[in-house]
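This is what each chain is made of:
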Amino acid sequence: MNDSELYVLPLVVRIEKAAPPERTDALEAAATAVLSLLADPGEWAEELSAWQSTGKIRKVVRRARGAEWRRAVALPGRTVEHRTAEVRVHPPVPLDGWPRDLRRLQVGGTELADTAALPPAPPPILWANPSLEMSAGKAMAQAGHAAQLAWWASDDGERAAWRERGLAVAVRTAGARDDFDAKVAAGLPVVRDAGFTEIEPGSCTFVADAPWLRGRVFER
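Fair warning: this is a prediction, and the values are worked out from it, not measured in the lab. (Residues numbered from 1 in each chain as written. Predicted model: local features only at pLDDT ≥ 70, side-chain atom pairs only at ≥ 80, totals over all residues. Heavy atoms only, no water.)

Chemist: Even after reading the chapter, I still don't get helix α6 (residues 156–164), so can you show me in this structure?
Modeler: Helical geometry: 3.6 residues make up each α-helical turn, so side chains three or four residues apart lie on a common side. Along α6, the residues that are buried comprise E158, R159 and W162. Down the axis of α6, the sector holding all buried residues measures 100°, keeping them to one side. Exposed residues pointing more than 90 degrees away from the buried face of α6 are listed as D156 and E164. Residues of α6 that are buried make contact with α1 (23–39) and α5 (136–153). Capping the start of α6 is the job of one residue whose side-chain oxygen sits 3.1 Å from the backbone nitrogen of G157: D155. (Buried < 20%, exposed > 50% of the residue type's maximum accessible area, 1.4 Å probe, protein only. Helix = DSSP H or I, 4+ residues; strand = E, 2+ residues; numbered from the N terminus. Arc of directions from axis to C-beta. Contact = heavy atoms within 4.5 Å. Polar contact = N/O pair within 3.5 Å; in protein donor to acceptor, adjacent residues only side chain to side chain.)

Written as structure tokens, this is what we have:
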């Protein structure tokens, strides 16, 4: 498969200089945005099918503020507001066919931090690998992958119940590498990075955990 046949899911996070979002809020908003498109593709069903049919689930996160954000919002897509964060998901586009106003946005500069205590984490929980350092943008894409794997692994009844909870998802960092490795070994859905940016190919970045996913064995 050549690059012209690949599709990518664009995500844009709003980062205003005076009021950047909390890091975990941005990660959870990105995961929820991905889930919203999977749960209800609406008019973008064809684009979503083309993206998933490649066998890849590549996502790219770009940042915007001010007029950049307003231009992004004017394009087809959906905005998820989650506590301090706003993330817009756009329909999948060919890897080399980004709309101009999205293509001009920067990928870097997503250094976000958590400045307040995190609230309780209801399932599903997307656990980040504590031994990997990722920018917020990279981690947002990885959280989106983990949410997508959890969605694919859920049956129709589990998905319906998830919808009733507003597609809520929590993102947390595992307490220690041994704890993260145990979750990987448990057979839960695991994100293994392709290695395009920041980290080594094949690195396990996130594990998706929920009561209804335990006891099943997924391809690792």
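Chemist: Teacher, can you tell me more about the environment of H90 here?
Modeler: Looking at where H90 falls in the secondary structure, it is placed in the loop between β4 (85–89) and β5 (93–94). In this structure the C-alpha to C-alpha distance between H90 and A64, which are 26 residues apart in sequence, comes to 14 Å. The residues touching H90, leaving out its near neighbours within four places in the chain, are L9, P10, V12, L37, A72, L75, P76, G77 and L102. From its side chain, H90 meets the backbone oxygen of P76 in a polar contact 2.8 Å long.

Chemist: It is not clear to me how the layout of surface pockets should be interpreted in this structure. Could you clarify?
Modeler: To find the voids left in a structure, one rolls a probe of water-molecule size over its atoms. Each pocket or cavity is described by its volume, and for the largest pocket that value is around 1100 Å³. Along the walls of the largest pocket sit 40 residues, with I57, R58, H145, D193 and A194 positioned nearest its centre. Counting residues per element, the ones that place at least two in the lining of the largest pocket are β2 (59–64), α5 and β8 (190–192). Here the lining of the largest pocket takes 8 residues from α5, the largest share from any one element. Partitioning the lining of the largest pocket into residue classes produces 18 nonpolar, 11 polar and 11 charged. Estimates place the volume of the second largest pocket at around 220 Å³. (1 Å grid on protein atoms, 1.4 Å probe; cavity = no way out; pocket = protein on both sides within 12 Å on 5 of 7 lines; lining within 4 Å. Points joined across faces, edges and corners; volume = space filled by probe spheres on them. Nonpolar A, V, L, I, M, F, W, Y, C, P; charged D, E, K, R; others polar.)

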